[in-house]
Amino acid sequence: MWQGNSSDVAPPNPGDIAMEKLYPALIQCFAVIICGYVAGRFNLISQTEGKGLGTFVGTFALPSLIFLSLAELDLSSVNWKFLLSLLIAKAVVFVGVGIVTLLISRPVNLGRAGLFSIFCTQSNDFAIGYPIVAALYQKSHPEFPAYIYLAAPISLVILNPLAFVLMEIGNKRQSEGRQISGCQLIWSVVKGILLNPVVLMTTLGILGNVIFRHQLPATISGVLQVLGSSFSATALFLLGLRMVGKVHKLQGAVLVAPAILIAVKLLVLPLVAREVVSIIKPGVNETDTLDYSTFGFLYGTFPAAPGVFVFATQYNVDIDLIASAMVACTFISAPLMFVSARMVTLTKLDPSDYLPELDTFVFRISIAGLFFSLWVIIVFILSKKYKRVPHRFTFCLIISQFIACAGAILWTVLGQDNEGWRSYLQFSIFALGVYGCRLWTAFLGVGLVFMQCRSLCFVLKLQPYFIILGWGIPAVIVAALLLVVKKEVIITGGRDPNFTYGEIQAVVATFLLIVCMLVTLGCLILHQRYRQRYSRYLLLVQDVSGDGNIQGGMTSDEEDEGVGSEPKTVSTESCSSKGEACEGRNPNEPCSSGNGCCSRVVDIEDITVSHNPRLSLSDRTPRRRTASTLSAGDLCPGEFACASEGQEGCRETVEKYRAAISTVTEDEEDEVENGSAACCRSDNEPEDEAQTLKHVVLLLFLLCSMFVGIALCVWTLVMEKLSGIFIELSFLDASLNFGQSIFAFAVFGLDSELIVLPFIKRWRRFWYGSEALQLVPWTELSLETRQVCEQFRKYHLDNCHQVIARNRRWRLQQFKHAFPGCELVDWLLSVGLVHDRVEAVKYGRQLVEGRVLKHVAGHRHFHDGPFFYCFIRIQTEQ
């Protein structure tokens, strides 16, 4: 056999070595997590045993690993500037996450702020980070792997103790109440910090490093190594164990918080770390500094450490949320680490090597974005959602995305070296769409805030100004660039439509992005604050009114009586008796709308029926809202009350708006008559015309896109040498910028009443010959299913019916003795018939197959959701 000369064999690529190291590390992590989930799912380890496992991890394994890593750390040859850069970057993210959490959370939750800050700054350095760094830099920078052990104390010694203080204070306030004195609170917090095993072993580890000169005795080192080596496997196993029975909660609004945390950890922290390292310049020259900044970016892409879950368990703060975020973060970080590790190995880059691939990628994703934006536009037109507010702003945003994608396609098709009118045309279309996307994102956030803190009427009055500014400002910017600025290429080797007019266009884009991002972020924070404040006020109104129908729901007779009766109002004296609703008010001042308290003093009927978050949707919708029926949020609250002529004008404006969208309501009611829309929602609004949650999710995604765009613009302005991470960032910006419509399609494109439900009905008609759910005969059911149904009928049916079944009303349709599927699941868990919600869904499906219960329209199987069901025997007897 022929064997080539060994000297002719090329050395292995460090990127390939990194991939070989990364695959086993990730597989190990997920394998251990899956083992923990399987053990809990099949009840091999009980919840009590899981608590003991958590105690071992938090009290013995993690403290031992921390002490060992700090005590054996060699501090002789350390680039302290680089460590200072990581400290500043982590501190910026730590403080930012904590402040935003405190601003949004109402009531203030210090423990959550501290825990979220740790999640976004503490990386999985040892299990995943070290193998990757060791493989990438074993020849170019062999000292870099040691920084993994040096970077860990930044969190353990400096930042984490601050979070522990917040979590201790939060725990003491919850356990002992707010009446605890300042001295007692300080002593409780200090005592808890000093007795915290993690903080204690961190301090002892630093002292041990000084005393033993980073050479521990063999006896101590051996014991700590045994305990510390058990941390990774045990913590990941415990993480999977805690996920049992919690997966069903990862839907709707619950997904928002983990998504934000993951975005900050995997997107914001790497970019901030890279920028801070570039500013401080820890290297001896530009090339060395570039390597340090690239390493800082790679370090930021590592997923959150398993220790964060241990902290959540110790302090009993958002355990389920952190568990789900941990698993998702580890999974999502994999492709980002793959790409980053590969980009780190690229040296001596020539732009001509990657610009054709970038142009092709932009062209392809723009085609996809054009298709999905057109899809969403058609959905909005057919469903007439474009007539609603804030969907009007969303409609303009999607049109801007369509224009931006069209401009990017023209940029590739017509060529980039054109001169004359073609060049001006393609740039005008492209820039108009891109700048319009940013502005309409900010205006959408402003509209959501004003709808929450002011009124629908106020937003309708501002709508013309939004339209003028949303389309006028991009047009002015494009005209100014075309008329005043000369074309300039600032990226060597090719042209980028984002920087066709050089540094001036980059500065304009950066300024616009920063302003729009700050406005959008501020609006989201204010929206959550006003939303939670108003929800607490509504709960206070319910307590003050003392109306028993609010908690239990109104019957149809009571609702009809309430329509014609004299509406009740809330007195300011009764509101002032509860200090919780009057934030920032002097206790000696009377409660009134003038000082901002009880700002929405409206009819009890409107509040309790249309806006009370404690009621299910069926209880909150007593009658159809017509053009002449206004709700509490349609007109401005007390402190913004207009004069009598202004109020009349507002009323006419809202009535015209209601008349314009009335056709949408009629179409939805046709679905109700067929039973396909018979469901209750968990959102605070009765019909949620604004689709607030969907818009918040869309804005969060667009915030990530703007943040990446800012990083790319700043890097382009100050870049002196091209790097692989810049290429990665360029592709990421292209995917987030021209792929905005893809995410808009995921949020709004699959309209349930326009697309999903008709498709399901046609499929059932084609496959089964009927739109109704087809069930097998009783004799063909399994023995287990028949036994479950017979036992439920004999022992549990009457009790369950008394607890959860009552008359429900959805718009014009009334359902007698109905209940949502989620309430049946809750009841099954409360009486102990099932162990978790997954088993409860299986139990409910057996009851449907056994003809014990059915969907009110007969179109659905059983789901742990807001769909209405009723017991067949009870319905027959009635």
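Quick summary incoming for the structure in this document.

Quick notes on the rules
Residues numbered from 1 in each chain as written. Predicted model: local features only at pLDDT ≥ 70, side-chain atom pairs only at ≥ 80, totals over all residues. Heavy atoms only, no water. Patch = residues over 30% accessible without salt bridge, like charges linked within 9 Å, V, L, I, M, F, W, Y side chains within 5 Å. Areas by Shrake-Rupley, 256 points an atom, 1.4 Å probe, with all protein chains shown as cover. Salt bridge = Lys/Arg side-chain N within 4 Å of Asp/Glu carboxyl O. Helix = DSSP H or I, 4+ residues; strand = E, 2+ residues; numbered from the N terminus. Expected span 1.5 Å × (residues − 1). Buried < 20%, exposed > 50% of the residue type's maximum accessible area, 1.4 Å probe, protein only. Polar contact = N/O pair within 3.5 Å; in protein donor to acceptor, adjacent residues only side chain to side chain. Phe/Tyr/Trp six-rings, centres within 6.5 Å; stacked < 30°, edge-to-face > 60°. Lys NZ or Arg CZ within 6 Å of the ring centre and 35° of its normal. Contact = heavy atoms within 4.5 Å.

**Focus on a nonpolar patch on the surface**
Then, in step 1: The grouping of L200, L204, L207, V210, I211, F212 and I220 at the surface amounts to a nonpolar patch, some 620 Å² of accessible area in total.
Then, in step 2: In terms of residue count, helix 8 (residues 197-212) provides more of the nonpolar patch than any other element does, 6 residues in total.
Then, in step 3: When you line up the elements, I211 lands in helix 8.

**A look at helix 3 (residues 80-104)**
Then, in step 1: End to end, helix 3 covers 36 Å across 25 residues, agreeing with the expected 36 Å (1.5 Å per residue, within 8%).
Then, in step 2: The complete set of buried residues in helix 3 reads F82, L83, S85, L86, A89, K90, V93, F94, V97, G98 and T101.
Then, in step 3: Among the residues of helix 3, the N-terminal cap falls to N79, whose side-chain oxygen and the backbone nitrogen of K81 are separated by 3.2 Å.

**Considerations on the side chain of H861**
Then, in step 1: Turning to its location among the elements, H861 is positioned in the loop between strand 3 (853-855) and strand 4 (868-871).
Then, in step 2: Among the residues examined, H861 registers a relative accessible area of 14% and is labelled buried.

**Considering the packing of aromatic side chains**
Then, in step 1: In this structure the tally under the stated criterion is 33 aromatic pairs.
Then, in step 2: Look at F393 and F466: their rings are 5.2 Å apart centre to centre, the planes differ by 85°, and that puts the pair in the edge-to-face class. Of this pair, F393 sits in helix 16 (residues 391-413) while F466 sits in helix 18 (residues 456-484), placing them 73 residues apart in sequence. Residue F393 shares its accessibility class with F466, and that shared class is buried.
Then, in step 3: An aromatic cluster of three or more residues is present, and its members are F82, Y137, F144, Y292 and F295.
Then, in step 4: Here the basic side chain of R274 rests over the ring of W715, its NZ or CZ set 3.5 Å away from the ring centre.
Then, in step 5: The lysine or arginine in question, R454, covers the ring of F458, its NZ or CZ lying 4.0 Å from the ring centre.

**Points about the side chain of S373**
Then, in step 1: Along the chain, the position of S373 falls in helix 15 (residues 351-383).
Then, in step 2: Under the relative-accessibility criterion, S373 is labelled buried at 0%.
Then, in step 3: At a separation of 2.9 Å, a polar atom in the side chain of S373 contacts the main-chain carbonyl oxygen of L370.
Then, in step 4: Residues in contact with S373, not counting those within four places in the same chain, are I398, F402 and S741.

**Here we look at the pattern of salt bridges**
For side chains bearing opposite charge, pairing can occur when the charged atoms are close.
Then, in step 1: The final tally for this structure, using the stated rule, is 2 salt bridges.
Then, in step 2: With its nearest N and O atoms 2.8 Å apart, the salt bridge here joins D318 to R112. With a gap of 206 residues between them, D318 in the loop between helix 13 (307-315) and helix 14 (319-344) and R112 in helix 4 (residues 110-121) connect regions that are remote in the sequence.
Then, in step 3: Classification of R112 as partly exposed rests on a relative accessible area of 28%.
Then, in step 4: A salt bridge links R274 to E275, with the shortest nitrogen-to-oxygen separation between them at 3.0 Å.

**Notes on unusual backbone geometry**
Then, in step 1: Residue V389 is joined to P390 through a cis peptide bond whose omega torsion reads 10°.
Then, in step 2: Structurally, P390 can be placed in the loop between helix 15 and helix 16.
Then, in step 3: Phi is positive for N316, which is not a glycine, with a value near 55°.
Then, in step 4: Topologically, N316 is positioned in the loop between helix 13 and helix 14.

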